[in-house]
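Each chain, written out:
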Amino acid sequence: MVFLSGTLGFKCPQALAFCSKIHMDFKPRTRSLHNPFSRSPPRELLPTEDGSNITLQEWQGWGTTSPLPTIVTRIADDLKDLEKDSDEKMTFGGKGGKIKGDFKKQEDKKHRETYRGLGDSEQKLQFFSARQIACRLVGSRGYLCQKCWLPHEDCMCSKVTPCKLWHGIRFWLYMHPKDFLRQNNTGKLLWQLFGVEAATLCLFGIAEQEEIMWNAFKCSGKDKVWCLYPNKSGVVKSVQEAFDQGLSTDLGFAETTTNGHDILNFVLIDGTWSNSAAMVRRLKDQAKLAWGEEDICFISLAAGASAMHKLRPQPSWDRTCTAAAAVGLLYELQLLPKFCSIGLDKQAEAIEDTLAVLLDALTARRLRMGRSITRKMRHHSDIC
Ligand SMILES: [Zn+2]
């Protein structure tokens, strides 16, 4: 289904796709869903008796310090209303974790109507993102561990040893909504390890989080913001080009410089390759709004970067896995004289160790469920 088209030009949603097996009771109703952008006062956010509303605490428990996004709340409330009046069981499951049954058609139809009624492409993008996220929040509640995004029975949290990222670096996980709460997502590992301030989630199309990210970028200045992106466009620098000679200012590497102005911000695109073009385009558009030009610097890892270290556990992860991109960046920075004494290699190793823990947890789960763990399966498991 082509659900979203237009200026941002990406196709979507396999509606309500997420990995879980969750049952909720729904009864299709004929009313339209609310326009989430309407100016009607926000509804009560406190939990109702059945605990259905998403609270700020619950939202932030998934790995963010941002406010609860208004549109996400409204869409989740609509889902909750449908659930309340239902007498039909709705099932999430199967490949991609989609809603099954007749309810799916009705729910899709209503959301398409809401979508068509929205004014512009920006609202449509925000609605698409919020809907994806709201459905994942509702469906994953009580099923996934909030910290590691794995089902509770597979929780890997006890095997992760948090460590400190060098204070002069901040990662931004710019995540596509379809990757939010995905069990095999690896971007989440970065804030599991380094904390949400050093590795910050920013969901594509969620205004509250994008605003936080861009406020930080404006504070740092455009010469302290880089986006990791494969070298396809010809305007991408290598790490060495970007840092060995490109910075004329004193980076202020002293231990005391933690005021935001000296922090190097690295954006990691956390989504599938097919979605990444739209995400990069949005970054450029927002750079233009912030700085008056599409001037965000893209850097790419060296072709032989993964050969410099032994990336565990799967060589096939190295180009598609977000956490491994962070590993490669830290190792490449480590090679430069100005960064060589910081210990970035130790922090890269910590990411690698955590990646190995995730692979073990995913593999154990598949084995327990009687699924294949062949090499072919691993290649198709879309770890990202
Ligand atoms: Zn966990």
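Residues numbered from 1 in each chain as written. Predicted model: local features only at pLDDT ≥ 70, side-chain atom pairs only at ≥ 80, totals over all residues.

Where an unreviewed UniProt entry is consulted, the protein chain appears under the name tRNA-uridine aminocarboxypropyltransferase, with the organism given as Cannabis sativa. The Catalytic activity (unreviewed entry) comment attached to the protein chain in UniProt states, word for word, "a uridine in tRNA + S-adenosyl-L-methionine = a 3-[(3S)-3-amino-3-carboxypropyl]uridine in tRNA + S-methyl-5'-thioadenosine + H(+)". (UniProt positions renumbered as here; feature names shortened; annotations may be inferred.)

(A) Up close: the sheet that holds strand β6 (residues 225-228). If you trace the six strands from one edge of the open sheet to the other, you get β5-β4-β8-β6-β9-β7, paired in parallel fashion. Looking at which strands have only one partner, the edges of the open sheet turn out to be β5 (199-203) and β7 (236-238). Ignoring which end each strand starts from, the neighbouring axes of this sheet average 35 degrees apart. With four bridges joining them, β6 and strand β8 (residues 264-270) adopt parallel strand pairing. (Pairing = 2+ DSSP bridges. Helix = DSSP H or I, 4+ residues; strand = E, 2+ residues; numbered from the N terminus. Axes fitted to C-alpha atoms, helices over the stretch in contact; angles between N-to-C directions.)

(B) Layout of helix α4 (residues 121-140). In this model, α4 (20 residues) spans 28 Å end to end at C-alpha, consistent with the 28 Å of a helix rising 1.5 Å per residue. Buried residues dominate α4, accounting for 17 of its 20 residues. Gly-142 sits one or two residues past α4 and shows a positive phi near 80 degrees. (Expected span 1.5 Å × (residues − 1). Buried ≥ 20, exposed ≤ 12 C-beta atoms within 10 Å, placed from the backbone.)

(C) Unusual backbone geometry, seen in detail. Its identity as a non-glycine residue notwithstanding, Trp-149 has a phi of 60 degrees, on the positive side. Considering the arrangement of structural elements, one finds Trp-149 in the loop between α4 and β4 (169-175). In this structure, Leu-181 is a non-glycine residue whose phi angle is positive, near 65 degrees. For Leu-181, the position within the fold is in the loop between β4 and α5 (187-194).

(D) Representation of the pairing of β4. For β4, the tally of buried residues reaches seven of seven residues, placing the bulk of the element in the interior. Sheet topology note: the β4/β8 ladder contains seven bridges and is parallel. Within the sheet, the bridge partner assigned to Ile-169 lies in β8 and is Leu-264. Bridge analysis of β4 against β5 gives five bridges, and the strand direction is parallel. Looking at β5, one finds that Trp-172 is bridged to Thr-200. Crossover handedness for the path β4 to α5 to β5: right-handed. (Right-handed = clockwise from strand over helix to strand, strands pointing away.)

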